[in-house]
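Here is how the chains run, residue by residue.
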Amino acid sequence: MSRKHTFVILGMGSRGKNAYGAELARMPDRAQITAIADPDPERLSIGGEAFGVRPGMRFSSAEELLAQPRLAEVACVCTQDRQHVPQAIAAMRKGYDVLLEKPISPSLSELQEIVRVARQTGRRVVVCHVLRYTPFFRTVKRVIDEGRLGQIVNIEALENVVYWHQAHSFVRGNWRREDETSPMILAKCCHDLDYLIWLCGSRVERVSSFGSLFHFRPENAPAGSALRCLDGCAAKEACPYDAEKIYLTNEGTGVCRGQVGWPVDVLSEHPTRETILDAIRTGPYGRCVYRCDNDVVDNQVVNLQMESGAALTLTMSAFTSVGGRSIRILGTMGDLRAELRDEAIRVCEFGKQPEMLPLDGLGAKDGHAGGDRGLIETFLDDLDGKDVGDSVTTLEASVESHLAALAAEQSRLQSGMPVELGPMRG
């Protein structure tokens with residue numbers, strides 16, 4: 001039987017406030033947000049008002065909230081990458097179950113430590129690998145489980161980062177530097193690696209990887225470019241990465257085209273032409289993409305040799321005109337091809353006519369193609385004791401994708417030398 005479950009949210013950014021918090025708020029009969037934490041007073045106020053959290057339960061840091069007696073059943077940890085494990089461990093020891101934004105951590109020792117504490121405390125930890133919860137990937141998994149493709153031999157996956165997303169998040173934004181956050185293959189693609197491992201139904205044996213910071217470098221700056229987009233840049237007209245184009249006039253992302261959600265809400269809690277222009281003029285999102293302090297890659301290929309014998313490939317690239325995922329699965333009895341942004345999946349069993357499988361549920365325009373809502377609904381079902389299959393996974397299963405990502409980065413830095421995952425599991 002369903003009942004109302006209580007949550008605290010650590011971090012009122014895009015994921016904490018606009019994704020998981022918003023989804024919980026849409027289900028008032030099943031969930032209640034009792035306390036929130038964020039160091040930004042404006043975000044704290046906006047989140048508190050949006051979720052009906054009284055002022056006395058709004059805290060200026062995750063640590064301050066976690067110092068209180070336990071305030072709910074579940075702690076949603078939605079802070080920056082390197083804060084996740086210390087805060088999740090403190091929450092578990094306080095008695096919270098944890099809904100943990102990805103990535104868990106870029107540190108192998110922290111990955112091992114959080115598993116140890118979860119076992120020690122007996123707390124539930126669910127990592128927000130939201131792609132598992134999309135109608136798209138659930139349909140793909142069902143086709144595989146029904147045996148229509150036979151044994152999986154190869155999977156080819158493409159993460160289309162899209163050019164402006166790379167500029168926003170990984171050149172100008174919070175995830176631009178590995179020493180402050182995580183390697184990009186972990187920060188952006190740990191849930192791509194997670195769904196690949198899940199679909200294949202096998203652990204990873206070894207990994208090799210190639211990639212680089214190919215384009216967003218000072219030597220690639222066009223002639224006449226300025227330090228900031230509004231500083232009289234002579235290359236502005238021809239530059240697709242111009243901040244005014246991305247945040248003001250782009251049909252899908254510009255505030256002047258009626259867009260007030262992500263990514264413009266990262267620049268201002270109240271996006272208008274004036275507030276966004278001010279942010280571009282004075283903040284990090286107005287810097288020239290060729291003159292930032294970024295060091296994460298803008299393209300990477302990861303090769304996975306699975307224990308089952310299957311060979312998988314993930315390509316992550318910034319240089320795409322549209323975002324989303326593409327996948328091709330090759331099996332002994334059939335193949336599957338699909339684009340996440342499409343409304344159907346093509347399945348062809350050998351010797352038969354191809355079949356187009358429609359997707360039920362939320363469409364690709366919803367958060368992570370319906371994955372954000374799917375995660376919250378499935379997590380609540382799990383709290384209610386309902387059978388949710390293997391969608392809500394163990395922490396150990398979620399760690400597998402992180403080990404693959406860390407191995408990929410190690411391989412990339414060693415000119416593609418294969419890295420075995422066995423020793424990393426401890």
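See the structure above.
Reading guide: rules and limits
Residues numbered from 1 in each chain as written. Predicted model: local features only at pLDDT ≥ 70, side-chain atom pairs only at ≥ 80, totals over all residues. Heavy atoms only, no water. Buried < 20%, exposed > 50% of the residue type's maximum accessible area, 1.4 Å probe, protein only. Helix = DSSP H or I, 4+ residues; strand = E, 2+ residues; numbered from the N terminus. Pairing = 2+ DSSP bridges. Right-handed = clockwise from strand over helix to strand, strands pointing away. Axes fitted to C-alpha atoms, helices over the stretch in contact; angles between N-to-C directions. Parallel < 35°, antiparallel > 145°, perpendicular 65-115°, else oblique. Contact = heavy atoms within 4.5 Å. Nonpolar A, V, L, I, M, F, W, Y, C, P; charged D, E, K, R; others polar.

*Asks:* Even after reading the chapter, I still don't get the pairing of strand E4 (residues 74-77), so can you show me in this structure?
*Replies:* For a regular strand, side-chain orientation follows a simple rule: the groups alternate between the two sheet faces. Side chains of E4 alternate between two faces, with Val74 and Cys76 and Ala75 and Val77 buried alike. Relative to strand E5 (residues 97-100), E4 is paired through 4 bridges, and the arrangement is parallel. Bridge assignment links valine 74 to a residue of E5, and that residue is aspartate 97. Chirality of the crossover, the property in question, places the unit of E4, helix H4 (residues 84-94) and E5 among those that are right-handed.

*Asks:* Even after reading the chapter, I still don't get the packing of H4 against helix H5 (residues 108-121), so can you show me in this structure?
*Replies:* Packed helices, taken two at a time, are described by the angle their axes make and the gap between the axes. Packing of H4 against H5 leaves a shortest axis separation of 10 Å and a crossing angle of 10°. As judged from the angle between their axes, H4 and H5 are roughly parallel. For the pair formed by H4 and H5, the contact residues are Val85, Pro86, Ala88, Ile89, Met92 and Arg93 on the first element and Glu110, Glu113, Ile114, Arg116, Val117, Ala118, Gln120 and Thr121 on the second. Partitioning the contact of H4 with H5 into residue classes produces 8 nonpolar, 2 polar and 4 charged.

*Asks:* Explain unusual backbone geometry to me, please; I cannot follow it from the model alone.
*Replies:* Looking along the chain, the bond that leaves lysine 102 and enters proline 103 is cis, with omega of -5°. Following the sequence through the fold, proline 103 ends up in the loop between E5 and H5. The step from tryptophan 262 to proline 263 runs through a cis peptide bond, and the omega angle for that step is 10°. Mapped onto the secondary structure, proline 263 falls in the loop between helix H10 (243-249) and helix H11 (264-267). Despite not being glycine, valine 162 shows a phi value in the positive range, around 75°. Relative to the elements of secondary structure, valine 162 occurs in the loop between strand E7 (152-160) and helix H7 (163-171).

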